[in-house]
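A closer look at the structure
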Amino acid sequence: MFRTTVFVTGGAGYVGSHTILVLLNAGYEVVAIDNFVNAIPGKDGSIPESLHRVQELTGKSLTFYKMDLLDKESLESIFSKHKLECVIHFAALKSVGESCQIPLDYYRNNIGGTINLVEVMKKFGVKNIIFSSSATVYGAPQYLPLDEKHPVGTSCTNPYGRTKYFIEEILKDVASAEKGWKVILLRYFNPVGAHESGKIGEDPQGIPNNLMPYISQVAVKRRPELQVFGNDFNTPDGTGMRDYIHVMDLAEGHVAVLKNLDAMKTCVAYNLGTGHGYTVLQVIKAFEEATGVKIPYTVVGRRIGDLGSLYADSSLAEKELDWKAKKSLVEMCADTWRWQSQNPMGFRGEIAAIQNS
Ligand code: WQD
C-alpha cells in the first residue's frame, strides 16, 4: 500500500531535511514539526530555512508546525487535523558531550518527547514508526563489523546513547503489547555530506562536535585547525576509524523502509552504514583530494569515551530493504565542501544578510 502522508519530527535538522527532500521527490505528502532548538528560522520566520530550501529544490510544498514534542496538546491537534500513515522520528538532543553535562534534559526531551509521541499515535491509530537510532547503542564493540545481533545498551558510554537505547526498548515493548504496530529502528553510523545542490547541509550551532563539519569549517577558515583526538588507537594510522555514510544514502534508506513497510516484521532494527571504516587521517586526505583545500591539524589526546574502530555490517538492510549505500568518501567530502563553501555561516548566513539588508 502506498503510504501517502508521513509525519516527520525534527524535520528541520540535518538528516530530517534531507529525508524530507527525498520523501517529497518520491511523491509522499509530508507534515513536519521542529522546535528550532537546533535550526534557523526561514526568511518569513514561519518555516525553518532548511525546509524553505527543500521546498525550492523539490518544487513541492510541505506542512510545517513549529512545536515541541513535550507539548502534547499541540501534538494531538496536529494528529486530529491530518490523516497520518507513518511517523519518522528524528527529534532529539544529540550531543554526546552535552548529554554528560545535562543528562536530565536529555532524558526528559528525548524519552519524554517520544512517550508523548507514541501515546498520541496510539490515540489516533497511527501504528507505523521509523525511529532515528544510532550505532552508539552498541557501545564498545565485542566484534566487527557490527551486525544487528550484537548486544545493545550494555556498554553505552553516555546519556545520549542511553536515550537512544531506552527509546528502542520502549518502542519494542509497545510493539509487543499491542497488535498492529510496525516499529523500524534505523541505527545510523556516521552521517556526513550534503545534497548535491549545496543548498542544504549540516549546520551545527556552536563548535561542531563531529569530525566532518569541523573539517569543513576549517576549510572555510571559520576555525584555524582541526584537533585530531588521539593517534594511539589500534587502527592503520592510529587515529579513530568510523563508518561514514552519505546523508542522501541515509535518506534513501528511510524511503526504502516506507516502500517495504507492509511486508516488514512488527519490530526490526537495521544498521545503515557502508561497511567501510575510514580513519581521521584518511578522511582529511580524502577531503583535501576532493576539494584542493589543505586542512591543518594537530594531534592531541583522545576525547573521553571515544572508541577506536566502529563500522557496520549493513547486509540485513541491503537484503530486506533492497537498499545499499552508494556514495564514496570522496563524494561525501565534495558534497560537504559545496554546501559549506556556498554557505560559510550555514543557514544563519543567509538570514543575517537579509536582516542586515
Ligand atoms: C569521528 C572520529 C573522533 C572531531 C558521534 C556520536 C554518534 C553519532 C555520530 C548521532 C572520532 C574524531 C572528531 C574532532 C577528531 N551521532 N574527531 N576531531 O564520535 O563516531 O559519533 O557522532 O547519532 O552517536 O557518538 O563521530 O564525528 O564525533 O568523531 O579527531 O574535532 O573523528 O575521535 O574518531 P562519533 P565524530
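Residues numbered from 1 in each chain as written. Predicted model: local features only at pLDDT ≥ 70, side-chain atom pairs only at ≥ 80, totals over all residues. Heavy atoms only, no water.

Within an unreviewed UniProt entry, the label attached to the protein reads UDP-glucose 4-epimerase, and the organism entered is Limulus polyphemus. If you open the UniProt record of the protein and go to Pathway (unreviewed entry), you find "Carbohydrate metabolism; galactose metabolism." Recorded in UniProt for the protein, the comment headed Subunit (unreviewed entry) runs: "Homodimer." (UniProt positions renumbered as here; feature names shortened; annotations may be inferred.)

1. Remarks on the environment of N110
You can see N110 is positioned in helix α5 (residues 103–123). Distance from N110 to K164, taken between C-alpha atoms, is 8.1 Å for residues 54 residues apart in sequence. At a separation of 2.9 Å, a polar atom in the side chain of N110 contacts the side chain of N109. (Helix = DSSP H or I, 4+ residues; strand = E, 2+ residues; numbered from the N terminus. Polar contact = N/O pair within 3.5 Å; in protein donor to acceptor, adjacent residues only side chain to side chain.)

2. Side note on the UniProt feature "domain: NAD-dependent epimerase/dehydratase" (unreviewed entry) in the protein
As recorded in UniProt, the feature "domain: NAD-dependent epimerase/dehydratase" (unreviewed entry) lies at residues 6–273. Annotation note: span residues 6–273, helix share 38%, strand share 19%, distance between end C-alpha atoms 24 Å.

3. Some words on the nonpolar core
In terms of nonpolar packing, the biggest core is built from 70 residues, with V8, I20, L23, I184, L226 and I295 touching the most fellow members. If you tally residues by element for this core, the top one is helix α8 (residues 247–260), at 8 residues. Look past the residues within four positions of L226 in its chain and what remains in contact with it is L211, Y214, I215, V218, V280, I284, I295, P296, Y297 and T298. Listed in part, the 26 residues of the second largest apolar core include I33, L75, L84 and V120. (Core = buried A, V, L, I, M, F, W, Y, C linked by side-chain atoms within 4.5 Å. Buried < 20%, exposed > 50% of the residue type's maximum accessible area, 1.4 Å probe, protein only. Contact = heavy atoms within 4.5 Å.)

4. Comments concerning empty space enclosed by the protein
Going through the model one piece at a time under the given rule, you end up with 1 cavity of 30 Å³ or more. Approximately 60 Å³ is the volume found for the largest cavity. Sorting the residues of the lining of the largest cavity by element identifies α7 (211–219) and α11 (329–342) as the ones contributing at least two each. Here the lining of the largest cavity is built from residues that sort into 5 nonpolar, 4 polar and 1 charged. (1 Å grid on protein atoms, 1.4 Å probe; cavity = no way out; pocket = protein on both sides within 12 Å on 5 of 7 lines; lining within 4 Å. Points joined across faces, edges and corners; volume = space filled by probe spheres on them. Nonpolar A, V, L, I, M, F, W, Y, C, P; charged D, E, K, R; others polar.)

5. Some points on the pattern of salt bridges
Evaluation of the coordinates by the stated rule reveals 14 salt bridges. One salt bridge in this structure joins E178 and K127, with 3.2 Å as the shortest N-O distance. You can see E178 sitting in the loop between α6 (159–177) and β6 (182–188) and its partner K127 sitting in the loop between α5 and β5 (128–134), a full 51 residues away along the chain. Given a relative accessible area of 23%, E178 falls into the partly exposed group. Since its relative accessible area comes to 21%, K127 is described here as partly exposed. The partner of K294 in a salt bridge is E288, with the nearest N and O atoms 3.2 Å apart. We classify E288 as buried; its relative accessible area is 19%. (Salt bridge = Lys/Arg side-chain N within 4 Å of Asp/Glu carboxyl O.)

6. Brief notes about the site of the ligand
In the vicinity of the ligand, 18 residues are found, and the nearest of them are Y160, L211, Q227, R242 and D306. For the ligand, an oxygen atom lies 2.6 Å from a polar atom in the side chain of Y160. A distance of 2.9 Å separates an oxygen atom of the ligand from a polar side-chain atom of R303. Relative to its unbound accessible area of 690 Å², the ligand is 90% covered by the protein chains. (Near = heavy atom within 4 Å. Areas by Shrake-Rupley, 256 points an atom, 1.4 Å probe, with all protein chains shown as cover.)

7. Brief notes about the sheet that holds strand β11 (residues 267–272)
Pairing within the open sheet is parallel, and its 7 strands lie in the order β3-β2-β1-β4-β5-β6-β11. Bordering the open sheet on either side are β3 (63–66) and β11, each of which pairs with just one other strand. Pairs of neighbouring strands in the sheet enclose a mean axial angle of 20 degrees, with direction left out of account. Of the pairings in the sheet, the one linking strand β4 (residues 86–89) to β5 comprises 3 bridges and is parallel in character. Note on β5: the bridge partner recorded for V87 is I129. In this fold helix α1 (residues 14–25) packs onto β1 (5–9), β2 (29–34), β4 and β6, with an angle of close to 165 degrees to the strand it touches most, β2. (Pairing = 2+ DSSP bridges. Axes fitted to C-alpha atoms, helices over the stretch in contact; angles between N-to-C directions.)

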